[in-house]
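An overview of the molecular structure
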Number of protein chains: 2
Amino acid sequence: MKATRIAHLAVATADSRDLLTVLGHLGLAVTHEETVADQGVRVQMVGIGPDQLEILQPEGDGSPISRFLAERGQGLHHLAIEVDDLAAVLAHLQTQGVRLIDARARIGAGGRRIAFLHPASCGGVLVELCEREEPTSVG
Amino acid sequence: MKATRIAHLAVATADSRDLLTVLGHLGLAVTHEETVADQGVRVQMVGIGPDQLEILQPEGDGSPISRFLAERGQGLHHLAIEVDDLAAVLAHLQTQGVRLIDARARIGAGGRRIAFLHPASCGGVLVELCEREEPTSVG
């Protein structure tokens, strides 16, 4: 049941250029980019050594990210923690009364199985759980 | 000049118990705790595999963390990026017009040399730079 690492840290911004400029001065650049259409979000991943920063920009109005920007403004958005068996963790959290946004795993950026916990149960922090990916087998 | 990793991710909360309860369900616990008196903040570090989550609680009124909680509410507070030579990075960022909160390194939690960049230059994100610690020499 133990969490294995921070999978990524996500930032919500209306325009990622300023942040990417500063990261560029630190020798960092976008390593992967995709649109998650059902969430209306453009995702840019920036590798920082072994770690990942996920930059989220809204595509169109009415997406969860546009609502976040309207309510909270730009800044840090969520913390993603990697776990081994997401279904087992979600079942356990539910029995413990932890409030879940996603009671079942769904597919997020990069095709990974994810689920969000509600900030009300996490001291105001939006926490995503990501299932650890199996290493790709050879041959 | 390249950043080497995410040193830690920090959360600001009035009371860390809810978050620590959820983290406990994921097999995680506080691994280090200290008060940084000149910042009026209680710091709890939670190791998540190789990564570090820093939970910040105010000690008394008028501290930067109490002001943050009053203005923004509980949630993610800052992202700390590890760099090799903090003085060189700060000098470079200054020539590039990046707005710095700390123009010179100061001592943060754990006795590390740190400096904060201004969110206005970083797409709304409060970014801390931490100097990489030298491995302790033997003998």
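In the block above lies the structure referred to throughout.
These lines cover the structure that appears in this document, whether it is placed above or below. This is a predicted model, so every value here is computed, not measured. (Residues numbered from 1 in each chain as written. Chains lettered and ligands numbered in written order. Predicted model: local features only at pLDDT ≥ 70, side-chain atom pairs only at ≥ 80, totals over all residues. Heavy atoms only, no water.)

What follows is about the overall build of chain A. The secondary structure content of chain A amounts to three helices and eight strands. Start at the N end of chain A and walk to the C end: the helices and strands fall as β-α-β-β-β-α-β-α-β-β-β. Radius of gyration (C-alpha) of chain A: 15 Å, near the 14 Å computed for a compact globule of 139 residues. Across its three principal directions, the C-alpha atoms of chain A cover 45 × 45 × 25 Å. Burial analysis of chain A (139 residues in total) assigns 50% to the buried set. Looking at chain A alone, contacts between residues at least 24 apart form 51% of all its contacts between residues at least 6 apart. When the accessible surface of chain A is split by element, carbon and sulfur atoms take 49% of a total near 6500 Å². Within chain A, the 18 negative side-chain charges are centred at a point lying 5 Å from the centre of the 12 positive side-chain charges. (Helix = DSSP H or I, 4+ residues; strand = E, 2+ residues; numbered from the N terminus. Rg over C-alpha atoms; globule rule 2.2 N^0.38 Å. Buried < 20%, exposed > 50% of the residue type's maximum accessible area, 1.4 Å probe, protein only. Contact = heavy atoms within 4.5 Å. Areas by Shrake-Rupley, 256 points an atom, 1.4 Å probe, with all protein chains shown as cover. Lys, Arg positive; Asp, Glu negative; His and termini not counted. Charge placed at Lys NZ, Arg CZ, Asp CG, Glu CD.)

Tracing the chain through its elements places leucine 23 of chain A in helix H1 (residues 17–25). Between the C-alpha atom of leucine 23 of chain A and that of glutamate 134 of chain A, which follows or precedes it by 111 residues, the distance is 30 Å. Each residue touching leucine 23 of chain A, except ones within four places of it in the same chain, is listed here: Leu28, Val46, Leu53 and Ile55 of chain A together with Ile81 of chain B.

The next thing to look at is empty space enclosed by the protein. Applying the stated criterion across every chain, the model contains one cavity of 30 Å³ or more. For the largest cavity, the calculated volume is near 80 Å³. Lining of the largest cavity is provided by Arg5, Ile6, Ala7, His8, Asp51 and Gln52 of chain A together with Ile6, Ala7, His8, Leu9, Asp51 and Gln52 of chain B. Going through the elements one at a time, strand E1 (5–12) and strand E4 (51–58) of chain A together with strand E1 (5–12) and strand E4 (51–58) of chain B are the ones with two or more residues in the lining of the largest cavity. When the residues that make up the lining of the largest cavity are grouped by side-chain class, the tally is five nonpolar, four polar and three charged. (1 Å grid on protein atoms, 1.4 Å probe; cavity = no way out; pocket = protein on both sides within 12 Å on 5 of 7 lines; lining within 4 Å. Points joined across faces, edges and corners; volume = space filled by probe spheres on them. Nonpolar A, V, L, I, M, F, W, Y, C, P; charged D, E, K, R; others polar.)

On the side of chain A, 46 residues touch chain B, which itself brings 46 residues to the contact. Overall, the association of chain B and chain A removes approximately 3600 Å² of surface from exposure, summing both partners, and the carbon and sulfur fraction of that is 68%. On the chain B side of the interface with chain A, the three residues burying the most area are His25, Leu26 and Leu76 of chain B, jointly 19% of the side's total. The tally of links from chain B across to chain A stands at zero salt bridges. For the interface between chain B and chain A, the tally reads seven residue pairs in polar contact (both at pLDDT 80 or more). (Buried area = accessible area lost by both parts, 1.4 Å probe. Salt bridge = Lys/Arg side-chain N within 4 Å of Asp/Glu carboxyl O. Polar contact = N/O pair within 3.5 Å; in protein donor to acceptor, adjacent residues only side chain to side chain.)

Glancing now at the nonpolar core. For soluble globular proteins, the rule of thumb is that nonpolar side chains tend to be buried together. In terms of nonpolar packing, the biggest core is built from 58 residues, with Leu53, Ile81, Leu117 and Leu129 of chain A together with Ile81, Leu117 and Leu129 of chain B touching the most fellow members. The contacts of leucine 117 of chain B, once residues within four sequence positions are left out, are Val22 of chain A together with Leu90, Leu93, Arg99, Leu100, Ile101, Cys122, Leu126, Val127 and Leu129 of chain B. (Core = buried A, V, L, I, M, F, W, Y, C linked by side-chain atoms within 4.5 Å.)

Looking now at helix H1 (residues 17–25) of chain B. Among all positions of H1 of chain B, only Leu19, Val22, Leu23 and His25 of chain B are buried. Down the axis of H1 of chain B, the smallest arc covering the buried residues is 155°, so these residues share one side. Where the residues of H1 of chain B are buried, they touch strand E5 (75–83), helix H3 (86–95) and strand E7 (113–117) of chain A together with E1, strand E3 (41–48) and E4 of chain B. With its phi angle positive at about 85°, glycine 27 of chain B sits one or two positions after the end of H1 of chain B. (Arc of directions from axis to C-beta.)

Turning to the sheet that holds strand E6 (residues 106–107) of chain B, a few remarks are in order. All names here are of chain B. Pairing in this open sheet of eight strands is mixed, and the strands run E2-E3-E4-E1-E5-E8-E7-E6 from one edge to the other. Each edge of the sheet is formed by a strand with only one pairing partner; in this case those strands are strand E2 (30–36) and E6. Relative to strand E8 (residues 127–131), strand E7 (residues 113–117) runs antiparallel, the two being bridged by four bridges. Directly across from leucine 117, in E8, lies its bridge partner valine 127. (Pairing = 2+ DSSP bridges.)

Turning our attention to the pattern of salt bridges. Applying the stated criterion across every chain, the model contains 14 salt bridges over all chains. Of the charged contacts in the structure, one is a salt bridge between glutamate 82 of chain A and arginine 112 of chain A, with a shortest N-O distance of 3.1 Å. Separated by 30 residues along the polypeptide, glutamate 82 of chain A in strand E5 and arginine 112 of chain A in the loop between strand E6 (106–107) and E7 bring together distant segments of the chain. When its relative accessible area of 17% is taken as the criterion, arginine 112 of chain A is described as buried. Arginine 5 of chain B serves as the salt-bridge partner of aspartate 51 of chain B, at 3.7 Å between the closest nitrogen and oxygen.

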